[in-house]
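In case you want the letters, here they are:
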Amino acid sequence: MLRVGLTGGIGCGKSRVAGLFASLGAPVLDADTLNRELQTPGHDLYAAIVDRFGPGILDARGHLDRGALRSRIFADPAERQALEALVHPAVEAAIEQRLAALPEETTPYAVIVVPLLFEAGWETRFDHVVVVHCEPSEQIARVTQRDGRSSAEVEAIIEAQMNPDERRLRGDSEIRNTEQTTDAELANQVAERDAVLRKQATTHRSRVENRPPNT
Ligand code: ATP
């Protein structure tokens, strides 16, 4: 099956777009959700993080205190790299495991939502990358409203992420989710992309099936 990465800046509408792909029958995996799941007690990633960062990053219940961990890595690139070196392979392995469990015959493509896809250098892992785009002012308005964060906080996150123009250039296709985009227009864009991806998957499959042996 084709592996389709779905990315975009904070609050651009990745979850919304992923939901529309799912409504058309595409399996959707979310790297952030998997990451959160793997960081709960009982998972190898949880144990590895506690081992590396010590019990100071646990809360009273023995769960990872995400705020404490965030402050540990915030000002120290070496600590951030150490965390990423644990997280990235674990999330990647979980994605592979879940993709392998999907029925190949009836799944032309799967969507994998990865917010920091280009930042992590993951683009080579996908056959196609869709970028969800909206204006930074809209990101700020949506995230302040959704999460109750301050504008300054959201601006700092946007600043720390990849420049939106660069992200758009690096993607294979774009879905616009701006103020001007109506619900119907958004659904249409997803339906159009779904049709192209299904066609691409058929071509991909017949190439693989008709490949001469030993190539
Ligand atoms: P994050 O990067 O934080 O995970 P995301 O890219 O997945 O966010 P969503 O959660 O889909 O983005 O959308 C962010 C917020 O903006 C949500 O509250 C959502 O309901 C709202 N939203 C999404 N698209 C629009 C739109 N076109 N108009 C108004 N609000 C929108």
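For clarity, every value in this text was computed on a predicted model and none was experimentally measured.

For the chain, the helix and strand inventory stands at 9 helices and 5 strands. Going from N to C terminus, the chain has its helices and strands arranged as β-α-β-α-α-α-α-β-β-α-α-α-β-α. Whereas a compact globule of 215 residues would reach a radius of gyration of roughly 17 Å, the chain reaches 19 Å, a difference of no more than 12%. Along the longest, intermediate and shortest principal axes, the C-alpha atoms of the chain span 55 × 45 × 30 Å. Each of the 215 residues in the chain was classed as buried or not, and the buried ones make up 38%. About 12,000 Å² of surface is accessible on the chain, with carbon and sulfur atoms providing 51% of the total. Here the chain contributes 25 positive and 33 negative side-chain charges, whose respective centroids are spaced 2 Å apart.

The domains assigned to the chain are domain 1 (1-27 + 107-208) and domain 2 (36-101). Here domain 1 and domain 2 have C-alpha centroids that lie 25 Å from each other. Each side of the interface is counted separately: domain 1 has 7 residues, and domain 2 has 6 residues. Across the domain 1 to domain 2 interface the summed buried area is about 600 Å²; carbon plus sulfur atoms make up 66%. Sorting the residues of domain 1 by area buried against domain 2 places R3, I112 and W122 first, and these three jointly supply 66% of that buried surface. Across the pair R3 and E96 runs a salt bridge whose closest N-O atoms are separated by 2.7 Å.

Parameters at a glance
- Residues numbered from 1 in each chain as written.
- Predicted model: local features only at pLDDT ≥ 70, side-chain atom pairs only at ≥ 80, totals over all residues.
- Heavy atoms only, no water.
- Helix = DSSP H or I, 4+ residues; strand = E, 2+ residues; numbered from the N terminus.
- Rg over C-alpha atoms; globule rule 2.2 N^0.38 Å.
- Buried < 20%, exposed > 50% of the residue type's maximum accessible area, 1.4 Å probe, protein only.
- Areas by Shrake-Rupley, 256 points an atom, 1.4 Å probe, with all protein chains shown as cover.
- Lys, Arg positive; Asp, Glu negative; His and termini not counted.
- Charge placed at Lys NZ, Arg CZ, Asp CG, Glu CD.
- Domains from an automatic or database assignment.
- Contact = heavy atoms within 4.5 Å.
- Buried area = accessible area lost by both parts, 1.4 Å probe.
- Salt bridge = Lys/Arg side-chain N within 4 Å of Asp/Glu carboxyl O.

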